[in-house]
Amino acid sequence: MQLLVNIDHVATLRNARGEGYPDPAEAAIVCENAGAAGIVFHLRGDRRHIRDKDVYQLKKAVKGILDFEMAATGEMLDICLEIKPDICTLVPEGREELTTEGGLNMESVYDDFENQVIPVLKEAGIEISLFLDPVSRDIELAAKIGADTIELHTGPFANATDSRKLNYEIERLKESAVQIHELGMKVNAGHGLNLDNLGILIENVPYLEDISIGHALVSKSLFWGLERTVKEYLKIMHI
Ligand code: PXP
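**Q** How would you summarise the packing of aromatic side chains if you had to cite specific residues and measurements?
**A** Following the criterion strictly, the structure yields one aromatic pair and no others. If you follow Lys220 out to its NZ or CZ, it ends over the ring of Trp224, 4.7 Å from the centre. Cation over ring: Arg228 sits above Trp224, and NZ or CZ is 3.9 Å from the ring centre.

Structure, rendered in C-alpha cells:
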C-alpha cells in the first residue's frame, strides 16, 4: 500500500490571489521527500485549480508515481499522451460540481472508451485506472474493457453519518475490492479520506494499493506543515 498525494488544492490557494505561490510542484517535492510514493493532479476542463503550466512542472518535479486524473476528453487525452504519466485516472466531470461527485457510469462510457480512449492509453504504456463506485456491474465492464486498475470511490464511506451507513459502505467496498482483485486488476481508493477514517478503511478493505488523498491532507498541512502531515498519514498506513 502507498500514499499518493493529490495537490490540486495547493493550486486552489495559489489561484485565490493570482500569485505564483504556493507552488504545486514545490508541494509535490515536499510530499515525496516526506515519504509519499507519488502525486496526483486533476486537470479539469475549466482549469479551476491545476493549470497547464503546472502539469509540465509536475512532470519535471515528480520522481515517483505521477497520476494524471482527468475526464476522457480529446483535449485531455492529447495532454496526457504528451506528458506520459505513470497512471491516468479517468473520472466523470460535471461543470457545476465542487469536486468529483461519483464514479464513471461504465454502461454509458463503454463504447467511447473501447474505441477512442483505452487503445491510445494502452499504446502509450500508461496504467489505466477507472474511478468507480463500488458497483459490481461497473467493475465487470471495466475488466472487460481492459482497465488495469480501479480506484474505488470512498466518498460515501467518508460521509457516512451513522454506524449503519458506515457498515453498509464498508461492506460494498470490501466486496468490490475482492471482485476487482479476482478479476486481476489493482485496487486503489480515494475521495474524502482523512486522518479519522483512513485507518477504518485500511482495517476493513483488502487488497488496497494506491491511496489518493487531497483536500483533508492539504488542509491539515496549514497547521502542521506538509511534511509532518504526510508522515502522520503514512503512520496510519503503517509505512
Ligand atoms: N480520487 C479522485 C478520483 C478524486 O476526484 C479526488 C478529488 O479530486 C480524490 C481522489 C481526492 O479526494 P480528496 O480531495 O477528497 O482527498
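**Q** Please give an account of helix H5 (residues 106–123) that cites residues and values.
**A** For H5, spanning 18 residues, the distance from its first C-alpha to its last is only 21 Å, which falls clearly below the expected 26 Å at 1.5 Å a residue. At Phe113, H5 shows its largest bend, some 65°. Here H5 has its buried residues at Met106, Val109, Tyr110, Phe113, Val117, Ile118 and Leu121. Looking at the packing, one finds that the buried side of H5 touches helix H4 (74–83), strand S4 (87–90), strand S5 (127–132) and helix H6 (136–145). The residue sitting at the N-terminus of H5 and contributing the capping side-chain oxygen is Asn105; that oxygen lies 3.1 Å from the backbone nitrogen of Glu107.

**Q** Let's hear about the nonpolar core: which residues, and what values?
**A** Ranked by internal contacts, the top residues of the largest apolar core, which has 71 residues, are Leu58, Leu90 and Leu130. Top contributing element to this core by residue count: H5, with seven residues. Non-local contacts of Leu90, meaning those with residues more than four positions away in its chain, are made with Met70, Ala72, Leu104, Phe113, Val117, Leu121, Ile128, Ser129, Leu130 and Phe131. By size, the runner-up hydrophobic cluster in this structure holds five residues, among which are Leu4, Val40, Ile65 and Ile87.

About the criteria used
Residues numbered from 1 in each chain as written. Predicted model: local features only at pLDDT ≥ 70, side-chain atom pairs only at ≥ 80, totals over all residues. Heavy atoms only, no water. Phe/Tyr/Trp six-rings, centres within 6.5 Å; stacked < 30°, edge-to-face > 60°. Lys NZ or Arg CZ within 6 Å of the ring centre and 35° of its normal. Helix = DSSP H or I, 4+ residues; strand = E, 2+ residues; numbered from the N terminus. Expected span 1.5 Å × (residues − 1). Bend = angle between axes of the 7 residues up to and from the residue. Buried < 20%, exposed > 50% of the residue type's maximum accessible area, 1.4 Å probe, protein only. Contact = heavy atoms within 4.5 Å. Polar contact = N/O pair within 3.5 Å; in protein donor to acceptor, adjacent residues only side chain to side chain. Core = buried A, V, L, I, M, F, W, Y, C linked by side-chain atoms within 4.5 Å.

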